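# Fold and geometry: a report
Listed below, chain by chain, are the residues.
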Amino acid sequence: MCLSQSVMNYFPEEVLEHVFDFVTSHRDRNAVSLVCKSWYNVEKFSREKVFIGNCYAVNPERLIARFPRLRSLSLKGKPHFADFNLMPHDWGGHVYPWIEAMSKSRINLEELRLKRMVVSDESLELLAKSFPNFKSLVLVTCEGYTTDGLAAIASNCKFLRELDLQENEVDDRKGHWLSCFPESCTSLVSLNFSCLKGEVNVAALERLVARCRNLRSLRLNHAVPLEVLQKILVHAPQLNDLGTGSFTHDPNSETYVKLKNAMKNCHSIRSFSGFLDVNGRCLPAVYPICASLTALNLSYAPGIFSNELAKLIRHCKKIERLWILDTIGDKGLGVVANTCKELQELRVFPSDPYGVGNAAVTEEGLVAISAGCPKLNSILYFCQQMTNAALITVAKNCPNFIRFRLCTLNPIVPDAATNQPLDEGFGAIVQSCKGLTRLSVSGLLTDQVFLYIGMYAERLEMLSIAFAGDSDKGMLYVLNGCKKLKKLEIRDSPFGNMALLSDMGKYETMRSLWMSSCQVTLGACKTLAEKMPRLNVEIISENEGGAGEGEASLDDRDRVEKMYLYRTLVGPRTDAPDFVRTL
Amino acid sequence: MASASDCISQTGPGLKERNYFGFSDCSSVDRSTVSSAHLESKNNMNMKATELRLGLPGSQSPERDSDFSLLNSVKLDEKPLFPLAPSKDRICTLSQKTVASGNKRGFDDTVDGFSESKTTNFSEGNWMFNATGSDPGQAKLAGNVISIRPSGTQLAIKSEVPAKTLQESTNKIIGTNTANAPAAKAQVVGWPPIRSFRKNSLVTTSKTNDEVDGKPGPGALFVKVSMDGAPYLRKVDLRMYSAYKELSSALEKMFSCFTIGQCGPQGAPTRKMLSESKLRDLLHGSEYVLTYEDKDGDWMLVGDVPWEMFIASCKKLKIMKGSDAIGLGSSSYQVLLHFKAKKSLMYPCFVWDLAVYQCFYKESFRPDYGSDVPECFVLMSDISFICLLAFSCVFLECLLRLRLYLLFILNLDFLVEAQ
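Cut-offs applied
Residues numbered from 1 in each chain as written. Chains lettered and ligands numbered in written order. Predicted model: local features only at pLDDT ≥ 70, side-chain atom pairs only at ≥ 80, totals over all residues. Heavy atoms only, no water. UniProt positions renumbered as here; feature names shortened; annotations may be inferred. Helix = DSSP H or I, 4+ residues; strand = E, 2+ residues; numbered from the N terminus. Contact = heavy atoms within 4.5 Å. Areas by Shrake-Rupley, 256 points an atom, 1.4 Å probe, with all protein chains shown as cover. Salt bridge = Lys/Arg side-chain N within 4 Å of Asp/Glu carboxyl O. Buried < 20%, exposed > 50% of the residue type's maximum accessible area, 1.4 Å probe, protein only. Axes fitted to C-alpha atoms, helices over the stretch in contact; angles between N-to-C directions. Parallel < 35°, antiparallel > 145°, perpendicular 65-115°, else oblique. Left-handed = near helix turned anticlockwise from the far one by under 90°. Nonpolar A, V, L, I, M, F, W, Y, C, P; charged D, E, K, R; others polar. Pairing = 2+ DSSP bridges. Right-handed = clockwise from strand over helix to strand, strands pointing away.

In the nomenclature of an unreviewed UniProt entry, chain B is known as Auxin-responsive protein of Salvia splendens. Word for word, the UniProt comment on chain B under Subunit (unreviewed entry) is "Homodimers and heterodimers."

Chain A goes by F-box domain-containing protein in an unreviewed UniProt entry, where it is assigned to Salvia splendens. Listed in UniProt under the heading Subcellular location (unreviewed entry), the comment for chain A reads: "Nucleus".

Moving on to the overall build of chain B. From N to C terminus, chain B includes 17 helices and five strands. Counting only contacts in chain B whose residues sit at least 6 apart along the sequence, the fraction spanning at least 24 positions is 76%. On chain B, roughly 17100 Å² of surface is accessible, and the fraction owed to carbon and sulfur atoms is 60%.

Before going further, it helps to spend a moment on the pattern of salt bridges. Counted according to the given criterion, the structure contains 27 salt bridges over all chains. Arg207 of chain A is the partner of Glu183 of chain A in a salt bridge, and the nearest nitrogen-oxygen pair spans 3.9 Å. Separated by 24 residues along the polypeptide, Glu183 of chain A in the loop between β7 (169-171) and β8 (190-192) and Arg207 of chain A in helix α9 (residues 202-211) bring together distant segments of the chain. A residue is classified by how much of its surface remains accessible, and Glu183 of chain A, at 54% relative accessible area, is exposed. Classification of Arg207 of chain A as partly exposed rests on a relative accessible area of 45%. Put simply, Glu561 of chain A and Arg559 of chain A hold a salt bridge, and the shortest N to O gap is 3.3 Å. Among the residues examined, Glu561 of chain A registers a relative accessible area of 22% and is labelled partly exposed. Members of the salt-bridge network, linked through shared partners, are Asp83, Arg116 and Glu167 of chain A together with Arg195 and Arg198 of chain B.

Residue and element names in this part refer to chain A. Of note, Gly92 is situated in the loop between β2 (72-76) and α6 (96-104). Among the residues examined, Gly92 registers a relative accessible area of 1% and is labelled buried. Among residues more than four places away in sequence, those in contact with Gly92 are Tyr56, Lys78, Val118 and Arg573.

With that out of the way, let us pick up the packing of helix α10 (residues 226-235) of chain A against helix α11 (residues 254-265) of chain A. Each packed pair of helices is defined by two parameters, the angle between the axes and the distance between the axes. Residue and element names in this part refer to chain A. Between α10 and α11, whose axes approach to 9 Å, the crossing angle comes to 30°. By the angle between their axes, α10 is roughly parallel relative to α11. At the point where α10 passes α11, the crossing takes the left-handed sense. Along its contact with α10, which presents Leu226, Glu227, Leu229, Gln230, Leu233 and Val234, the element α11 presents Thr255, Tyr256, Lys258, Leu259, Ala262 and Met263. Among the residues making up the contact of α10 with α11, the classes are represented as eight nonpolar, two polar and two charged.

All names here are of chain A. Counted residue by residue, strand β21 (residues 487-491) has four buried out of five residues, so it is predominantly covered. Bridging between strand β20 (residues 462-466) and β21 involves five bridges; their strand directions are parallel. Looking at β21, one finds that Ser464 is bridged to Glu489. Crossover handedness for the path β20 to helix α19 (residues 472-481) to β21: right-handed. With five bridges joining them, β21 and strand β22 (residues 512-516) adopt parallel strand pairing. Across the sheet, residue Arg491 finds its bridge partner in β22, namely Ser516.

A few words now on unusual backbone geometry. Here the residue pair Trp191 of chain B and Pro192 of chain B is connected by a cis peptide bond, since its omega of -5° sits within 30 degrees of zero. When you line up the elements, Pro192 of chain B lands in the loop between α9 (153-171) and α10 (196-211).

Turning to the packing of helix α3 (residues 26-33) of chain A against helix α4 (residues 37-46) of chain A, a few remarks are in order. Residue and element names in this part refer to chain A. For the pair α3 and α4, interaxial distance at closest approach is 8 Å and the crossing angle is 140°. For the element pair α3 / α4, the angle class is oblique. Between α3 and α4, the contacting residues are Arg29, Val32 and Ser33 on the first element and Trp39, Tyr40, Glu43 and Ser46 on the second.

In structure tokens:
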């Protein structure tokens, strides 16, 4: 150590910094900073991108102290299951304290990426005004702001390059936020407002597109009609990523013909999405660009019939990422399997989550895809039924899975052919796919599947469990077996105190644990919180209002409805609402 | 064949089974044995998986499909059949010869029949049940027609079974009751796990497409399907289908979980699978008909109008017990529904007549019987006049709908137009 330290000291710090510039991954940089003090310091001052997986694990002050020169911050707030209405609304995840702290410390923030956080208009305004070089704002599944905040961003960020709003809940005040982009703004590279529900000023949009010659990615919302899309494409044939708004029109009209011609000119489009409101007969306009598409997202378009989808997909031979609805049916998936040999990621969403028309897909589709697409490594599949045999076949065909998420519409449906639990199928998947990092299981499952997961899923980092397992042993298998586990989320499963308290140190190696509707009692949570001071164990009550009374009546032997625990350096959080109690 | 109720009742102690309708029990037997086998493997599960299988998508025994495909290929050439006791004779005269073997949904055949039935258009307005209730000539029709209205019984069943369903489904996991699942439907909060943004976008798309009137093309057209005796409703996308047959087979699959078969109806059950008359006989025993609520809020029989028109006007579907419908022959039922569907002149006629009576007859034209005539005679003469008015309304209606009346009275099938 001493020798290498003295050797390395021959290199001035600038050289080290230059070397470290090539180290881009967060984990690698974390490792670098652990080598020795000088490396720690060099790395500390040269780190520009910081990723914080749980915004309550640290606080802004510590962040700024640790990385004073940061320029890009990624934050994640609520846990994953908050997406599915399992978390009350005001749980937290506010970004304002972060922006405020960075603004006060004169951080030169250029990029902010937030996921599942609560963003307010004030925070957007503060953001816009405090950071003159701000370039990129990406909000994924965030909420809490209105188009007024967007207007503030548009008008104040002179060098804005990226404004990407993905699946946010925005209160659309129908203001003219698009017109707030000054005429001098020509730096936009990426603009995505597909989640906005209201009208936009299409004239301003056209002008904006016309003057931003570097625009590469544009995703419109459903209020933008086909005529405007056509004009935009004429202005911006250099687009790489296009998300259409409304795509219905009379196929015999002149506008449609113009659109077809405009599409033919767009040679660079590689990623296509949108179709927020689509008439199947207008689809042929898209065929010219299909041949070079690598990413296609049709998951917001339930109106396209299966045969039209199949026709479209037959044109898309180079697709690597396909997001689609289950209206495609098993037959359509067969077409995908035959056509899309480069497919790496497939997501099949349910078009009718609670019904069962003829639209749903079954295990046949999945098997067909696995047989036809050898490069498949990531799948999210909502299906009506599944069998062990199918899963075993899939595991054999595709050993390269990194993410495997299977969701049966009936959460505890057994094997459709044999009525057995789906343990063997998932067992085959984890055994065969050595690189699996994310797994979601569903269907009828016993403790056996967790034994397999613990045994074979060595690289597993995130596991989602719902309505599965028979006893505490299941959870124990997982906690003992998966060494790299970072996020474990469990709902409606019979895991109790014994499993929770068996290996308390494990939770400090993980980012978070979510357990809801399980058999864990308040007493056990208190014990855990006492023994592990660096964990925040939060008990979230159902009733948001009068949680005080609810809490008083909860006794140590009572079951806890929702528990969320995560490791943290800064103790219990200060902005917890009433219904959240940190033990 | 063991009776269906016995089979099913073995499968779960905590579950109150109901024989929902008189369908074949071949499939039900399969289902029950499957479910009991499954049960044995899990001690602490009181039918939960089965329960959910019964209730939720994807849970049907494979044997069903082969039967359905056979039967779906049958074409019924005529009007729907309403197998109700008083009209047995009439239905028999509607050329039913043989009886189907099991495995068939009543409404499926019904719907098949609908696709060929006539497309009579009536310009009259709504059949006003309540108003015509006092009309003796119409009493039978009206009274029975009134009973077509969805009964309150469904609600009772709804509240009972879902509570159990939810109980069973959560028993497996926790002993306590979860506040998760809403009572009216056997759904779980947060399942399937899709983001609310995505869910909302699907909903809005289907809503906007529901408002598209009569245009073929974009979007899904989701309508609720309820079934008498089922604890929760389903939704189907009408645009997924292009004919009544497809719709009926899909509904059949969807609601198969509620069907518990019975032996085929009485009569001579020859085992020809493809005889349409046999299907009608099955309907005769099987009691379920498919109706829909149209834009005007009237409940109509599915299958009368061309498919496109049906899609454009259908707001809700309902699979109701035939016994809730009138106790008359199928054709007559259809006649009635046609009456119901179209604006009828009968009611205005009757009101007019009554007004005339009130104003004129009583005062001016009543024959002067003299004071020694007992009161009852006067009363009877009044009543007879009212009857005369009523019959004149009927006659007026008859004149306007002569064809259907001939059909009704004489069962002249050839008058029914093929659709």
